[in-house]
Every structure is written in C-alpha cells, then in structure tokens.
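Residues per chain, in single letters:
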Amino acid sequence: MTGNELGKLFGTPLSYKDNIQTMDIRTTNGSLIDQNYVPSKNAKDVSKLGKEDAITLGKTNMHEYAFGITTTNEHYGAVKNPWDTEYISGGSSGGSAASVATNQTIASLGTDTGGSIRIPVAACGIVGLNPTNGKISTKGIAGISWTLDNLGPLAANMSDLAIMMEALTDNLYSEYCIDDIRGLRIGV
C-alpha cells in the first residue's frame, strides 16, 4: 500500500538458535555463564533476514554451547520431541527444529558442526540444510570450530527452505523445487 518493495520474507516469523547474536535479546548459548549476555548488534545473517522483512519471534533452546546431540540442557530444560515427548528433539539445534515442527515459526536458523541441524530435522520430521562451509556467514555466532561450523536454515518443507536460502545467499533456489522427478538424471 505504501509503494515500497517488500522483502522476500515479509511478515515471516522466524526463531534463532540461542548461540546466534540478536541485538537487545538475551543470547545465553545455553549456558549459565552467558545468562545475562545481551548483544549490542545482530549476527550478520539476522540483520540480512531483517532487511528481508522477517519478524524475529525469539530464541530457541539448545545444548549448552552447541556441544551435544540431545538438546537436554541442564540449565534451561530439555527440548522434547514435538511428536512424542518421551523422546528428544535431537541437538544441538533441537529448539529450532521443534519451533518449526510445532508451527511456532515458519523457519529457524540453527548451527551445525557435527550434525546439529541434520539430527534435529530428522528427529522432528522437518527439513534443514547444513550448507557448504562458508556459503552462509558465521559472523556473530558462538561456535565450536571455525573450520567446521555452519549456519543454516530449518523449515517445514523444501519450498520454505529454498526461500530462506534465497534470502540468506541472494541466489535462486526455488526454481529447483520440482514436483516430478521422472526423467531427472543425477551424476557425480
């Protein structure tokens, strides 16, 4: 109505794993040591998604310092599996996966060093991507290994994941989301 161009994520509610800096929002890294840490600026990709008109709903629980695969956090509680609370949501981005699987957010950002996006998306029945190292900036995240850490999106379906990747990288991905793979040839 104002005549301004809308961003790719206009009005899309997002959550962020608690080791990703969010300006003026507490970022605990899942630890009591950082329980009062409030960053003065956003991680590079949080700012980028904000410029695409995404809405920050909040932070998600994680395994302390992203060092575990269960998201059973002794300080802030365990993230239960949204399909069966007797099970875990996987980790360390389990809170991000659970927020998407329970429709609290359309998508979330998580981090992955050794399976921390891949394990939770498998446990929670959603999709996620641990992108090629360096494809998405890790500036503004508390990581474990500068050579292995990656930041990536989690979403309910491939179309939403493609839109998140487009917003994060300025590359086209949606055009590769096809319904019929008959006749598709894949080679290495």
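The coordinates are above.
Residues numbered from 1 in each chain as written. Predicted model: local features only at pLDDT ≥ 70, side-chain atom pairs only at ≥ 80, totals over all residues. Heavy atoms only, no water.

1. Points about the overall build of the protein
For step 1, the next point in the chain: Looking only at helices and strands, the protein has four helices and seven strands in total.
For step 2, the next point in the chain: Seen in sequence order, the protein has helices and strands lined up from the N terminus as β-α-β-β-β-α-β-α-β-β-α.
For step 3, the next point in the chain: Taken against the 2.2 N^0.38 rule, which gives 16 Å for 188 residues, the C-alpha radius of gyration of the protein at 16 Å falls within 12% of a compact globule.
For step 4, the next point in the chain: Along the three orthogonal principal directions, the C-alpha set of the protein runs to about 50 × 40 × 30 Å.
For step 5, the next point in the chain: Looking at the protein as a whole, 44% of its 188 residues are labelled buried.
For step 6, the next point in the chain: Split by element, the accessible area of the protein, about 10300 Å² in all, is 54% carbon and sulfur.
For step 7, the next point in the chain: For the protein, the distance from the average site of its 14 positive side-chain charges to the average site of its 19 negative ones is 6 Å. (Helix = DSSP H or I, 4+ residues; strand = E, 2+ residues; numbered from the N terminus. Rg over C-alpha atoms; globule rule 2.2 N^0.38 Å. Buried < 20%, exposed > 50% of the residue type's maximum accessible area, 1.4 Å probe, protein only. Areas by Shrake-Rupley, 256 points an atom, 1.4 Å probe, with all protein chains shown as cover. Lys, Arg positive; Asp, Glu negative; His and termini not counted. Charge placed at Lys NZ, Arg CZ, Asp CG, Glu CD.)

2. With respect to the nonpolar core
Among soluble globular proteins, nonpolar side chains are generally buried collectively.
For step 1, the next point in the chain: Ranked by internal contacts, the top residues of the largest apolar core, which has 19 residues, are L9, L14, Y16, I20, L49, L109 and M164.
For step 2, the next point in the chain: For this core, the secondary-structure elements that each account for two or more residues are β1 (13-17), α1 (44-51), β5 (107-112), β7 (150-155) and α4 (158-169).
For step 3, the next point in the chain: Looking at which element gives the most residues to this core, the answer is α4, with five residues.
For step 4, the next point in the chain: Counting eight residues, the second largest nonpolar core, distinct from the first, contains V100, A101, V121 and C124. (Core = buried A, V, L, I, M, F, W, Y, C linked by side-chain atoms within 4.5 Å.)

3. Focus: empty space enclosed by the protein
For step 1, the next point in the chain: With the rule as written, the count across this model stands at one cavity of 30 Å³ or more.
For step 2, the next point in the chain: As a volume, the largest cavity reaches approximately 30 Å³.
For step 3, the next point in the chain: Partitioned by chemical class, the residues of the lining of the largest cavity number four nonpolar, four polar and three charged. (1 Å grid on protein atoms, 1.4 Å probe; cavity = no way out; pocket = protein on both sides within 12 Å on 5 of 7 lines; lining within 4 Å. Points joined across faces, edges and corners; volume = space filled by probe spheres on them. Nonpolar A, V, L, I, M, F, W, Y, C, P; charged D, E, K, R; others polar.)

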